[in-house]
Amino acid sequence: MMAVIAIFAVSSSVAHAAEPMRLRVADSFPKGHYLVKLILEPWMEEVRKRTNNAVTFEHYPAQQLGKATDMLKLTQTGVADIGYVAPAYAAEKMPVSEVAMLPGAFTHSCQGTLAYWKSARSGVIAEQDYAKNNIRLLLAVALPQYRIFTIKAPVNTAADVVGLKLRSTGGAQDLTLRALSAVPVRMAAPDAYESLSRGTLDGLLFPLESVVAYGADKLVKYATDGVGFGSFIVSYSISDAAWKKLSPEVQKAMVDVAEEIVPSACKHVQDTDEETKKKLAAHGVTFEAVQPDARAKFNDLLKGVAKTWAQGLDARGKRGSDALKEYDDLVAAIPAK
């Protein structure tokens, strides 16, 4: 009888050990968003395969577990094990990451992505924004440079931007718009369509693909072309508490798969930007090529944004100047192609 009990106990233990760890993954992207299909879904599937189902994922898109602006807190508190923690939506807690969102910080998505990837895992950003918030970066991509989208009139010169109420994520984007004498209106991407349709916004500071993803392509009529007005870091992070529960084998699989996906994802993101531009133009959005003299004026107005941003963080003890130098050096070492 004791032998039977012992066998049952061992069998139960083995069965329990074989149960996969289920991790909740939350983001604010609409279902089917291209970045989810490009980065998150392949990563989850490959990690699952490489760990022989030791870990599985439950994905909650479209703010099902909470707002985009709350993802850092939701991840820290365990509502989500892995969250779409976009630093721009948590600028007060992750201000140093905005170095990658400054206007003209890079030309190609892969420059911005790989420079951020390095700094956010082992550099100034890792120390200031991730370690201090008890989260760990898993996936990241820097979106192509943002454009200004408008409804009523095109933006051909810097004077055309003065006084416009434009959507901003806050932080560095606020500084960028204020440098142009525009009025930044902070909001997460999912809220932009309604504000634009109601007329509380004159336009958007947005990447091309997000214009389509959030339905704003039905409203905007004009877009700038030829000037970079900053970027946005799309990133998924895991809480330290959830990370420590994972076996070394699972941790290694997560890191290895990310190392393979991120460099190819940024290339695809940049290519998609060009494809989306053609599609939007075909559907009636006019891309206004900023002429050389107007481009020079824009660049002149924006050239002080990075220094102002860095000095503001230095004053708070956040090593803004160190982050700016490190990031610029990393970008310079990566070809713009």
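Predicted model, so just to flag it, every value in this text is computed and none were measured.

(A) Region of interest: the nonpolar core. Membership of the largest hydrophobic core comes to 110 residues, with the highest contact counts inside it found for Leu35, Trp43, Phe57 and Tyr116. It is helix 10 (residues 248–282) that provides the largest number of residues to this core, a total of 10 residues.

(B) Main features of the packing of aromatic side chains. According to the stated counting rule, one finds 6 aromatic pairs in the structure shown. Here the aromatic rings of Phe229 and Phe298 are separated by 5.4 Å at their centres, their planes lie at 85°, and the arrangement is edge-to-face. Here Phe229 is found in the loop between strand 9 (222–225) and strand 10 (233–239), whereas its partner Phe298 is found in helix 11 (residues 292–302), with 69 residues between them in sequence. As far as the burial class goes, Phe229 and Phe298 line up, both buried. Taken together, the ring pairs connect Phe29, Tyr84 and Tyr236 into an aromatic cluster. Positioned above the aromatic ring of Phe287, the side-chain terminus of Lys277 is 5.6 Å from the ring centre.

(C) Just the sheet that holds strand 10, in detail. The sheet built from 5 strands is open, its strands ordered 2-1-3-10-4 with mixed pairing. Every other strand in the sheet has two partners, leaving strand 2 (55–60) and strand 4 (135–142) as the edge strands with one partner each. In this sheet, adjacent strand axes meet at a mean angle of 20° when their direction is disregarded. The sheet contact formed by strand 3 (residues 82–84) and strand 10 spans 3 bridges and is antiparallel. Bridging from a neighbouring strand, Gly83 pairs with Ser237 of strand 10. Its contacts with the sheet place helix 10 against strand 1 (21–26), strand 2 and strand 4, and it is angled at close to 20° to strand 4.

(D) A look at the layout of surface pockets. Volume-wise, the largest pocket comes out at about 470 Å³. Surrounding the largest pocket, 24 residues form its lining, Gly104, Phe106, Gln145, Val227 and Gly228 being those nearest its centre. Residue assignment for the lining of the largest pocket shows that the elements contributing at least two residues are helix 10, helix 11 and helix 13 (320–332). Of the residues contributing to the lining of the largest pocket, the split by class is 10 nonpolar, 7 polar and 7 charged. Put simply, the second largest pocket is a space of about 260 Å³. As for the second largest pocket, its lining consists of 16 residues, and the residues nearest its centre are Ala120, Arg121, Arg136, Leu137 and Leu138. Sorting the residues of the lining of the second largest pocket by element identifies helix 4 (109–122), helix 5 (124–130), strand 4, helix 9 (240–244) and helix 10 as the ones contributing at least two each. Looking at the lining of the second largest pocket element by element, the count peaks at 4 residues for strand 4. Across the lining of the second largest pocket, the residue classes break down as 12 nonpolar, no polar and 4 charged.

(E) Layout of the pattern of salt bridges. Enumeration over the complete set of coordinates arrives at 14 salt bridges. We note a salt bridge from Arg121 to Glu259, for which the minimum N-O separation is 2.8 Å. On the criterion of sequence distance, the pair formed by Arg121 in helix 4 and Glu259 in helix 10 is long-range, its members being 138 residues apart. If you follow the salt bridges from partner to partner, you end up with Glu46, Arg50 and Glu260 in one network.

Definitions and limits used
- Residues numbered from 1 in each chain as written.
- Predicted model: local features only at pLDDT ≥ 70, side-chain atom pairs only at ≥ 80, totals over all residues.
- Heavy atoms only, no water.
- Core = buried A, V, L, I, M, F, W, Y, C linked by side-chain atoms within 4.5 Å.
- Buried < 20%, exposed > 50% of the residue type's maximum accessible area, 1.4 Å probe, protein only.
- Helix = DSSP H or I, 4+ residues; strand = E, 2+ residues; numbered from the N terminus.
- Phe/Tyr/Trp six-rings, centres within 6.5 Å; stacked < 30°, edge-to-face > 60°.
- Lys NZ or Arg CZ within 6 Å of the ring centre and 35° of its normal.
- Pairing = 2+ DSSP bridges.
- Axes fitted to C-alpha atoms, helices over the stretch in contact; angles between N-to-C directions.
- Contact = heavy atoms within 4.5 Å.
- 1 Å grid on protein atoms, 1.4 Å probe; cavity = no way out; pocket = protein on both sides within 12 Å on 5 of 7 lines; lining within 4 Å.
- Points joined across faces, edges and corners; volume = space filled by probe spheres on them.
- Nonpolar A, V, L, I, M, F, W, Y, C, P; charged D, E, K, R; others polar.
- Salt bridge = Lys/Arg side-chain N within 4 Å of Asp/Glu carboxyl O.

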